[in-house]
Amino acid sequence: MEKLPKIGLPIIIGLIVLIILFAKSAVTIESGEAGVLFKTFGDGVVVDEPPMGEGFHIVAPWNKVFVYEVRQQELFEKMKVLSSNGLEIQIDASAWYEPVYGELGNLHQSLGQNYLQRVIQPAIRSAARSVIGRYTPDDLYSTKRDAIQVEIYEETKKILDKQYVQLNEVLVRDVTLPPTIKDAIERKLKQEQESLEYEFRLVTAAKEAEKVIIEAQGKADANRILSASLTDKILQDKGIEATIKLAESPNSKVVVIGSSDDGLPLILGNN
């Protein structure tokens with residue numbers, strides 16, 4: 001009986017050590033994440049093998065696993081930049097990005113887990129300053145916003161291409177101009193709109209006048225052709241047709257008393 005405690009103590013200690021080792025060896029990678037293995041007694045960061053995927057993993061207790069989110073993430077940025085004429089403009093933008101899955105080991109080795117602050121934020125800020133500096137406030141406020149957005153994306157992507165980061169999209173959400181500049185641009189746009197409306201009314205009036213002239217000319221041409229085609233014989237035939245139709249009416253009394261000098265019958269009638 002006295003030997004049982006002496007035997008049981010090492011067993012208990014061994015079990016505790018095993019539990020600690022198992023706890024340090026067990027790694028769970030959550031959904032949307034991946035792990036980079038660091039071998040303490042090896043070559044350090046494993047870059048020649050795929051990252052550790054989702055699920056449960058057992059690693060040597062002296063090694064480490066660095067977990068990265070590999071889903072698309074979003075960065076919001078508020079930046080103050082200068083336009084081509086030196087005015088300060090505030091840009092609200094966001095970038096959609098994700099680490100390149102197959103290069104996660106290289107990303108960890110070269111940049112580490114704070115790669116967002118090390119490369120993505122400086123890249124988008126640099127690209128925004130470069131692009132906005134080519135445009136005037138008028139361009140930023142009105143027609144060129146989509147083009148500016150595309151240019152910022154392309155320049156940022158060029159910087160990040162060799163940084164093991166994939167840039168999916170850059171969105172310019174808002175452009176804030178100084179109040180005085182904004183008011184001046186709005187007045188200018190209003191005047192341009194009023195000018196366009198006035199020009200449209202002038203063009204419409206000119207077209208209507210042209211239409212009236214064409215219609216009048218058409219009627220004049222038709223009357224001239226008709227007058228030229230009305231001979232005495234045609235007028236006499238028309239008079240006879242009118243006399244016959246009036247005579248056929250049950251409520252009319254027609255008396256033919258001769259003809260006029262132009263050959264048409266003279267008609268006296270009562271309804």
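Predicted, not measured: the structure shown is a model, and the values here were computed from it.

Reading the values: rules and limits
- Residues numbered from 1 in each chain as written.
- Predicted model: local features only at pLDDT ≥ 70, side-chain atom pairs only at ≥ 80, totals over all residues.
- Heavy atoms only, no water.
- Helix = DSSP H or I, 4+ residues; strand = E, 2+ residues; numbered from the N terminus.
- Buried < 20%, exposed > 50% of the residue type's maximum accessible area, 1.4 Å probe, protein only.
- Contact = heavy atoms within 4.5 Å.
- Areas by Shrake-Rupley, 256 points an atom, 1.4 Å probe, with all protein chains shown as cover.
- Pairing = 2+ DSSP bridges.
- Phe/Tyr/Trp six-rings, centres within 6.5 Å; stacked < 30°, edge-to-face > 60°.
- Salt bridge = Lys/Arg side-chain N within 4 Å of Asp/Glu carboxyl O.
- pLDDT = per-residue confidence, 0-100.
- Core = buried A, V, L, I, M, F, W, Y, C linked by side-chain atoms within 4.5 Å.
- Axes fitted to C-alpha atoms, helices over the stretch in contact; angles between N-to-C directions.

1. So, the overall build of the protein chain
Each helix and strand in the protein chain was counted, giving seven helices and 10 strands. Burial analysis of the protein chain (271 residues in total) assigns 27% to the buried set. Pairs at least 24 apart in sequence give 64% of the contacts found in the protein chain among residues at least 6 apart. When the accessible surface of the protein chain is totalled, it reaches about 18,400 Å², and 57% of it is carbon and sulfur.

2. Digging into the sheet that holds strand S5 (residues 64-69)
The strand order across the open sheet built from three strands is S3-S2-S5, with neighbouring strands paired in antiparallel fashion. The open sheet terminates on both sides in strands that have one partner only, identified here as strand S3 (44-45) and S5. In the sheet, strand S2 (residues 33-39) pairs with S5 via six bridges, with the strands oriented antiparallel. Across the sheet, the residue bridging to Val 36 is Phe 66, located in S5.

3. Topic: the packing of aromatic side chains
Taken as a whole and judged by the stated rule, the model has three aromatic pairs. When the centroid spacing of 6.3 Å and the interplanar angle of 80 degrees are considered together, the rings of Tyr 97 and Tyr 115 count as edge-to-face. Here Tyr 115 lies in helix H3 (residues 115-132) and Tyr 97 lies in strand S7 (residues 88-99), a separation of 18 residues in the sequence. Like Tyr 115, Tyr 97 is buried. By the ring-pair criterion, three or more aromatic residues cluster together here, those being Tyr 68, Tyr 97 and Tyr 115.

4. A short note on the pattern of salt bridges
Evaluated as defined, the whole model comprises seven salt bridges. Between Arg 71 and Glu 69 there is a salt bridge whose closest N-O contact spans 3.5 Å. Assessed through its relative accessible area of 44%, Arg 71 is described here as partly exposed. Its relative accessible area of 34% is what places Glu 69 among the partly exposed residues. Its salt-bridge partner being Glu 151, residue Arg 134 comes within 2.7 Å of it at the nearest N-O pair. Taken as a pair, Arg 134 in the loop between H3 and helix H4 (137-141) and Glu 151 in helix H5 (residues 145-160) lie far apart in primary sequence, 17 residues in all. On the basis of relative accessible area, Arg 134 is assigned to the partly exposed category, the value being 45%.

5. Let's talk about unusual backbone geometry
For residues that are not glycine, phi is negative in most cases, and the peptide bond is trans in most cases. If you check the backbone angles, Tyr 164 has positive phi at about 60 degrees while not being a glycine. Looking at the secondary structure, you find Tyr 164 in the loop between H5 and strand S8 (165-176). Classification of Tyr 164 as partly exposed rests on a relative accessible area of 28%.

6. A look at the confidence of the model for the protein chain
For the protein chain, the mean per-residue pLDDT works out to 78, and 65% of the residues sit at or above 70. Within the protein chain, strand S10 (residues 265-270) has the poorest average pLDDT of any element, 50, and helix H2 (residues 104-110) the best, 94.

7. Regarding the nonpolar core
One finds Ile 91, Tyr 97, Tyr 115, Ile 120 and Ile 152 to be the most contacted residues of the largest nonpolar core, which totals 38 residues. Put simply, the parts of the chain that give this core at least two residues each are S2, strand S6 (73-82), S7, H2, H3, H5 and S8. For this core, the element with the highest residue contribution is H3, accounting for 10 residues. Residues Val 27, Leu 37, Met 52 and Val 65 belong to the second largest nonpolar core, which totals seven residues.

8. Remarks on the environment of Tyr 164
Distance in space between the C-alpha atoms of Tyr 164 and Glu 103 is 6.0 Å, their sequence separation being 61 residues. Beyond its immediate sequence surroundings of up to four residues, Tyr 164 is in contact with Pro 99, Val 100, Glu 103, Asn 106, Leu 107 and Ser 110.

9. Description of the sheet that holds S6
With respect to topology, three strands assemble into an open sheet ordered S6-S7-S8, the strand pairing being antiparallel. A strand with exactly one partner marks an edge of an open sheet, and here the two such strands are S6 and S8. Direction aside, the axes of adjacent strands within the sheet are offset by 25 degrees on average. The pairing of S6 with S7 spans 10 bridges and is classified as antiparallel. Bridged to Phe 76 within S7 is Ser 94. Against the sheet, H3 touches S6, S7 and S8, its axis set at about 40 degrees to S6.

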